[in-house]
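Listed here are the chains, written in short residue letters.
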Amino acid sequence: MKILITGANGMLAYAVKNEFKDSELICTDVVELDITNLKNVQNFIKQHKPEYIINCAAYTAVDKAEEQFEVARQVNAIGPKNLAIVANEENITLVHISTDYVFAGDKNINEVYTEEEEKKPVTVYGITKLEGENEIAKNCSKYYIFRTAWLYGNGNNFVRTMIKLGKEKESVNVVCDQYGSPTYAVDLAKTIKEAITQKIPYGIYHTTNEGYITWYEFAQKIFEQANIKCEVKPVTSEEFERPAKRPKNSKLSKEKLKNAGIIMPNYEDALKRYLKEEMK
Ligand SMILES: NC(=O)c1ccc[n+]([C@@H]2O[C@H](COP(=O)([O-])OP(=O)(O)OC[C@H]3O[C@@H](n4cnc5c(N)ncnc54)[C@H](OP(=O)(O)O)[C@@H]3O)[C@@H](O)[C@H]2O)c1
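Our subject in this report is the structure included herewith. (Residues numbered from 1 in each chain as written. Predicted model: local features only at pLDDT ≥ 70, side-chain atom pairs only at ≥ 80, totals over all residues.)

Looking only at helices and strands, the chain has ten helices and twelve strands in total. The principal-axis extent of the C-alpha atoms belonging to the chain is close to 55 × 40 × 40 Å. Here the analysis covers contacts within the chain between residues at least 6 apart in sequence; of these, 83% occur between residues at least 24 apart. (Helix = DSSP H or I, 4+ residues; strand = E, 2+ residues; numbered from the N terminus. Contact = placed C-beta atoms within 7 Å.)

Printed below as a string of structure tokens:
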């Protein structure tokens, strides 16, 4: 299997490279392949002829994006469009990663979002990621879009931040009214591999670890599992204002993925494995 991995220095890319280490990999960073440049994308892909493209490139600075619409749009929408055009020309399967931010996140907290639910992004990041999804669906016939959320792995992430703060402080304030599923990059990479090798039907899938909790509860779990004595104090989103509005309900239904034969592990099990890796 010959695979092109774009944005290869990112957090998810690290796990994807490891998961596919037995495949023939072409790993590119922004210098080697800037996905926003169609001519470069065409030349590069026609020269290397991969069977799959796994697009790990993205503009992920959610707050900064509020001030940088065009930069975010180039990477999150035009880049995926370019990859989709060339993937279609060359009969390549495109794997792309999207986000819970394509939804408004204002649904009743007892309900979950299915793949087909109305998309109403309220942030620049979400708007540009949704445009990327739509461009792929429009320009390419062989694609997977895996929507994930609350990702952590080898890179800056919530778990690392909590461990650092927990060791330095007696208490931390964490938001208690946003619900979602923390997702270990390793488990997402495994799911991508399973989807490709099992040849599940093309389309959009929600791919997060199982279980729904708040950031507050997640912080408690992190301290509990990492054996750190630090009090977690609950605060509301309103008390913890950020430039980009966070979705209160990020609960993604995984029924479609399960029906395709893939079950992702529970977040508690994922956290245990991640901490074991981190504490080495
Ligand atoms: N992190 C999360 O919590 C989260 C949640 C939901 C969905 N996702 C999605 O999951 C995917 C992976 O996220 P991640 O956290 O692994 O992202 P990441 O660590 O920010 O990595 C993204 C990579 O893309 C590269 N890049 C930026 N512009 C590029 C361009 N024009 N051409 C080629 N590469 C470019 C970046 O390089 P530089 O660093 O040099 O700019 C970076 O290495 C993204 O699609 C993201 O939207 C992430």
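There is more to say after this.
Turning our attention to the sheet that holds strand β2 (residues 24-28). Read from one edge to the other, the open sheet built from six strands follows the order β2-β1-β3-β4-β5-β10, with strand pairing classed as parallel. Both edges of this open sheet fall to β2 and β10 (203-206), since each of them pairs with a single strand only. Ignoring which end each strand starts from, the neighbouring axes of this sheet average 20 degrees apart. As paired elements, strand β1 (residues 2-6) and strand β3 (residues 52-55) share four bridges and run parallel to each other. (Pairing = 2+ DSSP bridges. Axes fitted to C-alpha atoms, helices over the stretch in contact; angles between N-to-C directions.)

Below, the discussion takes up the site of the ligand. Inspection of the region around the ligand gives 24 residues, with Gly7, Gly10, Leu12, Ala57 and Ala58 positioned closest. Every element with two or more residues in the shell around the ligand is listed here: α1 (11-19), α4 (69-90) and β4 (93-99). Here the shell around the ligand is composed, by residue class, of twelve nonpolar, ten polar and two charged. (Near = placed C-beta within 6 Å. Nonpolar A, V, L, I, M, F, W, Y, C, P; charged D, E, K, R; others polar.)

Ranked by size, the top nonpolar core spans 74 residues in total, and within it Leu12, Val16, Ile53, Ile54, Cys56, Leu94 and Ala185 carry the most contacts. The biggest single contributor to this core is α4, with seven residues. Here Ile53 is in contact with Leu4, Thr6, Leu83, Ala87, Ile92, Leu94 and Val95, once residues within four sequence places are set aside. (Core = buried A, V, L, I, M, F, W, Y, C linked by C-beta atoms within 7 Å. Buried ≥ 20, exposed ≤ 12 C-beta atoms within 10 Å, placed from the backbone.)

Moving on, we come to the environment of Leu4. The topology assignment puts Leu4 in strand β1. Once the C-alpha coordinates of Leu4 and Leu94 are considered, the two residues, 90 residues apart in sequence, prove to be 9.6 Å apart. In this structure, Leu4 is in contact with Ile26, Thr28, Ile45, His48, Pro50 and Ile53, ignoring residues within four places of it in sequence.

Moving on: unusual backbone geometry. The phi angle at Lys49 is positive, at roughly 45 degrees, despite the residue not being glycine. As for its position among the elements, Lys49 is in the loop between α2 (38-48) and β3. Residue Lys49 is classed as exposed on the basis of its C-beta count, with 12 C-beta atoms lying within 10 Å. Of note, the phi angle at Lys199 is positive, near 50 degrees, even though the residue is not glycine. With respect to the secondary-structure elements, Lys199 resides in the loop between α7 (185-197) and β10.

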